[in-house]
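Chain residues, written in single-letter form:
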Amino acid sequence: QAPPDGVDGDFVAISAGSFHSLALRRDGNIACWGLNGDGQAPPDGVDGDFVAISAGSFHSLALRRDGNIACWGLNGDGQAPPDG
């Protein structure tokens, strides 16, 4: 799914989940769009110093430059612990 109008950025990576998409900006922040019923695609995006992203079915993951992982979205089976 292409980003909606108003989602601008100098993107370096993209990832598509079942019903949401992520795009990694060159500055390390993440743009999100699509279904956000479980918090997997916050419309304001996710700020941080990220270097990689991955969109699951109903959760999202991102790798920080320091090697830590950020997770958000559905966590019914422990797939996206909010503390990474």
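The rules we used
Along each chain, numbering runs from 1 in the same order as the chain's sequence is written. This being a predicted model, a pLDDT of at least 70 is required before a residue's local features are given, and a value of 80 or more before pairs of side-chain atoms are given or counted; all residues contribute to the totals for chains, interfaces and linings. In computing side-chain properties, one takes all heavy atoms of the structure into account and sets aside hydrogens as well as water. Each helix is a run of H or I in the DSSP string that is no shorter than four residues. Each strand is a run of E no shorter than two, and both are numbered from the N terminus. The globule rule is 2.2 Å times the number of residues to the power 0.38, and the radius of gyration it is compared with is taken over C-alpha atoms. Exposed residues in this analysis have more than 50% of their type's maximum accessible area, buried residues have under 20%, and partly exposed residues fall in between, with area computed by a 1.4 Å probe over protein chains only. Should any heavy atoms of two residues lie within 4.5 Å, those residues are considered in contact. All accessible-area figures derive from a Shrake-Rupley calculation using a 1.4 Å probe, and residue coverage is judged against the displayed protein chains alone. Asp and Glu are treated as the negative residues and Lys and Arg as the positive ones, with His and the ends of the chain left uncounted. The atom standing in for a charge is NZ when the residue is Lys, CZ when it is Arg, CG when it is Asp and CD when it is Glu. Strand pairing is assigned whenever DSSP identifies at least 2 bridges connecting the two strands. The salt bridge criterion pairs a side-chain nitrogen of Lys or Arg with a carboxyl oxygen of Asp or Glu, the two atoms within 4 Å. For the purposes of this section, nonpolar cores are sets of buried Ala, Val, Leu, Ile, Met, Phe, Trp, Tyr and Cys residues that join through side-chain atoms within 4.5 Å.

**Student:** I'm lost on the overall build of the chain in this one. Help?
**Tutor:** Counting its regular elements, the chain contains 0 helices and 6 strands. Computed over its C-alpha atoms, the radius of gyration of the chain comes to 12 Å, within 12% of the 12 Å expected for a compact globule of 84 residues. Projecting the C-alpha coordinates of the chain onto the three principal axes gives extents of approximately 35 × 30 × 15 Å. Expressed as a percentage of the 84 residues in the chain, the buried residues total 33%. In the chain, of all internal contacts separated by at least 6 residues, the share reaching a separation of at least 24 is 27%. Counting only carbon and sulfur atoms, one obtains 49% of the accessible surface of the chain, whose full area is about 4,700 Å². Taking the average place of the 4 positive charges on the side chains of the chain and the average place of its 11 negative ones, the gap between the two points comes to 9 Å.

**Student:** Explanation requested: the pairing of strand S5 (residues 59–64) in the structure shown.
**Tutor:** Successive side chains on a regular strand alternate, one facing one side of the sheet and the next facing the other. Pairing between strand S4 (residues 50–55) and S5: 5 bridges, direction antiparallel. What sits directly across from Ser54, in S5, is Leu61. Linking S4 back to S5 in an antiparallel pair, the connection comprises 3 residues. Two elements, S5 and strand S6 (residues 69–73), share 5 bridges in a ladder whose sense is antiparallel. In the sheet register, His59 faces S6, and the bridge partner there is Gly73.

**Student:** Honestly, the pattern of salt bridges in this entry has me stumped. Any pointers?
**Tutor:** Oppositely charged side chains may form a pair once their charged atoms are brought near each other. Across all of its chains, the model carries 2 salt bridges by this definition. Taking the shortest distance from any N to any O, the salt bridge between Asp10 and Arg26 comes out at 2.8 Å. Placement of Asp10 in the segment before strand S1 (11–16) and of Arg26 in the loop between strand S2 (20–25) and strand S3 (30–34) is noted, with a sequence separation of 16 residues between them. Judged by its relative accessible area of 44%, Asp10 falls in the partly exposed class. For Arg26, a relative accessible area of 57% gives the class exposed. Arg65 is paired through a salt bridge with Asp49; the nearest N and O atoms lie 3.2 Å apart. Separated by 16 residues along the polypeptide, Arg65 in the loop between S5 and S6 and Asp49 in the loop between S3 and S4 bring together distant segments of the chain. Judged by relative accessible area, which is 38%, Asp49 ranks as partly exposed.

**Student:** Honestly, the nonpolar core in this entry has me stumped. Any pointers?
**Tutor:** Most often, soluble globular proteins have nonpolar side chains that are buried together. Core analysis: the biggest nonpolar cluster contains 12 residues, these being Leu22, Leu24, Ile30, Cys32, Ala41, Val46, Phe50, Ile53, Ala55, Ala62, Ala70 and Trp72. At the level of secondary structure, the elements contributing two or more residues to this core comprise S2, S3, S4 and S6. If you tally residues by element for this core, the top one is S4, at 3 residues. For Ala70, the contacting residues outside a window of four places in its chain are Phe50, Ser60, Leu61, Ala62 and Arg64.

**Student:** Is there a simple way to think about the environment of Arg65 in this case?
**Tutor:** Its relative accessible area of 55% is what places Arg65 among the exposed residues. Sequence separation between Arg65 and Gly28 is 37 residues, and the spatial gap between their C-alpha atoms is 8.6 Å. Dropping the residues within four chain positions of it, Arg65 is found in contact with Asp49, Phe50 and Val51.

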